[in-house]
Amino acid sequence: MAFVTGRLGRPLRSSLLQVVQLHLSRTMGASQEDFENAMNQVKLLKKDPGNEVKLKLYALYKQATEGPCSIPKPGVFDFVNKAKWDAWNALGSLPKETARQNYVDLVSSLSSPSESSSHVEPGTDQKTPGSEDVVVTSEDGITKIMFNRPAQKNAITTQMYREIILALEAASKDNSTITVITGNGDYYSSGNDLTNFTKIPPGGIEEVAKSGAVLLREFVDCFIDFPKPLIAVVNGPAVGIPVTLLGLFDAVYASDRATFHTPFSHLGQTAEGCSSYTFPKIMGPAKATEMLIFGKKLTAREACAQGLVTEVFPESTFQKEVWARLKAYAKLPPNAMKISKELIRSNEKEKLHAINAEECTILQGRWLSDECMNAIVNFLSRKAKL
Ligand SMILES: CCCCCCCCCC/C=C/CC(=O)SCCNC(=O)CCNC(=O)[C@H](O)C(C)(C)COP(=O)(O)OP(=O)(O)OC[C@H]1O[C@@H](n2cnc3c(N)ncnc32)[C@H](O)[C@@H]1OP(=O)(O)O
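- An unreviewed UniProt entry annotates the protein as Enoyl-CoA delta isomerase 2 of Dipodomys ordii.
- Database annotation for the protein, UniProt heading Sequence similarities (unreviewed entry): "In the C-terminal section; belongs to the enoyl-CoA hydratase/isomerase family."

Right, here's the structure in full:
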């Protein structure tokens, strides 16, 4: 199937839509009925989901039913109403349909049998609510968040971004000392699930890009602010966002089978995860350019030489050696580790948030570009063997 040249116009859009139609499992977002069911489910929740989640639900409900917040800001001493106003206002111009979908997704993540991911008990193997695509376990002082879509190389769906946000929020408050992110199967993660771009709500592709930028910003913010030592156990190849985020981790342990690839230009996209700042800082601008602009794929040993990876282990002993080391680290005094992390990170936090915001704004535009749409159409066409 030949697709598009020249300016983004009807041919590209209609090509994308044709391909989308072949792939879509869900095109129209949550219906009013789904939304009403979700509202009823909230009333039946067995556990109090906590104030943070309740504020999110409130904000999404208001956005879905009334649109962007336009009421006057409550006074500083009206704490409850101000918190509600802040939560609603933070959604900006998020379209009503997206807010409705996000509300339904959030409620479904709270209502699964395993309940909230904020209640992971040590020694249990508990799955994050909502799907089995992100598995959260907590044992020996370590909370492990695992990408679990091995058949799709752990590509990250929009639901998974949300689940990881919730899992990180929970891990920041649970009893564990350190938090680990890893992948199940032969890949660490193949990055953003490219079919995320095909779930087109009534507001069209512009709305997908807008809500994608809001979600991405929130997702990366969680990594910037995460208060405990955060370690990546890179069990295999990584592509895109799981690579760029590594600049925000405190340690990165990789199997010698892992590779690190950020083919943004090939995809008509640009850097995210604060990598436009962290990569030049870690490896110098020339090496960062090779990765972020020219899409050079690094082996684990190359990534270690560039400072992106802390240490590389042979695949045959990777899991054994890394987990033994992590268990020892998890016995160190947690408060000392948190305070040291704060010292290392605090000077940069404001800058990182600003960079994240800028990268997301730029990406929002890129997602609507000819170059990006062409790349996605090509990927989907190959997938569909068109
Ligand atoms: C507007 C968007 C709104 C959404 C919100 C998003 C907000 C955040 C965006 C953050 C942006 C991040 C940027 C990135 O992450 S860029 C990186 C994107 N990833 C890729 O380009 C990788 C694409 N995949 C591949 O190139 C190859 O699959 C592979 C990883 C090299 C593996 O190749 P291999 O031959 O070994 O295996 P297969 O290709 O057969 O893969 C097995 C099946 O898995 C599916 N797959 C793999 N990766 C993805 C992916 N990223 N998205 C969707 N599906 C993926 C593949 O299609 C196969 O499926 P099939 O068996 O059904 O054909």
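Back to the write-up after that little detour.
## Overview of helix 14 (residues 370–383)
For step 1, the next point in the chain: Counted at 1.5 Å a residue, the expected span for helix 14 with its 14 residues is 20 Å, and the 20 Å between its end C-alpha atoms agrees.
For step 2, the next point in the chain: All buried positions along helix 14 are accounted for by Cys 372, Met 373, Ala 375, Ile 376, Val 377 and Leu 380.

## Some details on the site of the ligand
For step 1, the next point in the chain: Ala 155, Ser 190, Gly 191, Gly 212 and Gly 240 are the nearest of the 25 residues found near the ligand.
For step 2, the next point in the chain: Sorting elements by how many residues they give to the shell around the ligand places helix 7 (residues 205–225) first, with five residues.
For step 3, the next point in the chain: Partitioning the shell around the ligand into residue classes produces eleven nonpolar, ten polar and four charged.

## Details of the domain arrangement of the protein
For step 1, the next point in the chain: Considered domain by domain, the protein is made up of domain 1 (32–109) and domain 2 (134–331 + 357–384).
For step 2, the next point in the chain: One C-alpha centre belongs to domain 1, the other to domain 2; they are set 28 Å apart.
For step 3, the next point in the chain: Taken together, the contact pairs seven residues of domain 1 with eleven residues of domain 2.
For step 4, the next point in the chain: The class makeup of the residues in the side of domain 1 that touches domain 2 is two nonpolar, two polar and three charged.

## Considerations on the sheet that holds strand 5 (residues 238–239)
For step 1, the next point in the chain: If you trace the three strands from one edge of the open sheet to the other, you get 5-7-8, paired in mixed fashion. Single-partner strands in this sheet number two, and they are strand 5 and strand 8 (298–299).
For step 2, the next point in the chain: Two elements, strand 7 (residues 259–261) and strand 8, share two bridges in a ladder whose sense is antiparallel. Opposite Thr 259, over in strand 8, you have Thr 299 as the bridge partner.

## Observations regarding the environment of Cys 69
For step 1, the next point in the chain: Note on placement: Cys 69 falls in the loop between helix 3 (51–66) and helix 4 (79–89).
For step 2, the next point in the chain: For Cys 69 and Thr 270, which are 201 residues apart along the polypeptide, the C-alpha to C-alpha distance reads 31 Å.
For step 3, the next point in the chain: In this view, Cys 69 contacts Lys 62, Trp 85, Trp 88 and Asn 89; residues no more than four positions away in its chain are not counted.

Rules used in this analysis
- Residues numbered from 1 in each chain as written.
- Predicted model: local features only at pLDDT ≥ 70, side-chain atom pairs only at ≥ 80, totals over all residues.
- UniProt positions renumbered as here; feature names shortened; annotations may be inferred.
- Helix = DSSP H or I, 4+ residues; strand = E, 2+ residues; numbered from the N terminus.
- Expected span 1.5 Å × (residues − 1).
- Buried ≥ 20, exposed ≤ 12 C-beta atoms within 10 Å, placed from the backbone.
- Near = placed C-beta within 6 Å.
- Nonpolar A, V, L, I, M, F, W, Y, C, P; charged D, E, K, R; others polar.
- Domains from an automatic or database assignment.
- Contact = placed C-beta atoms within 7 Å.
- Pairing = 2+ DSSP bridges.

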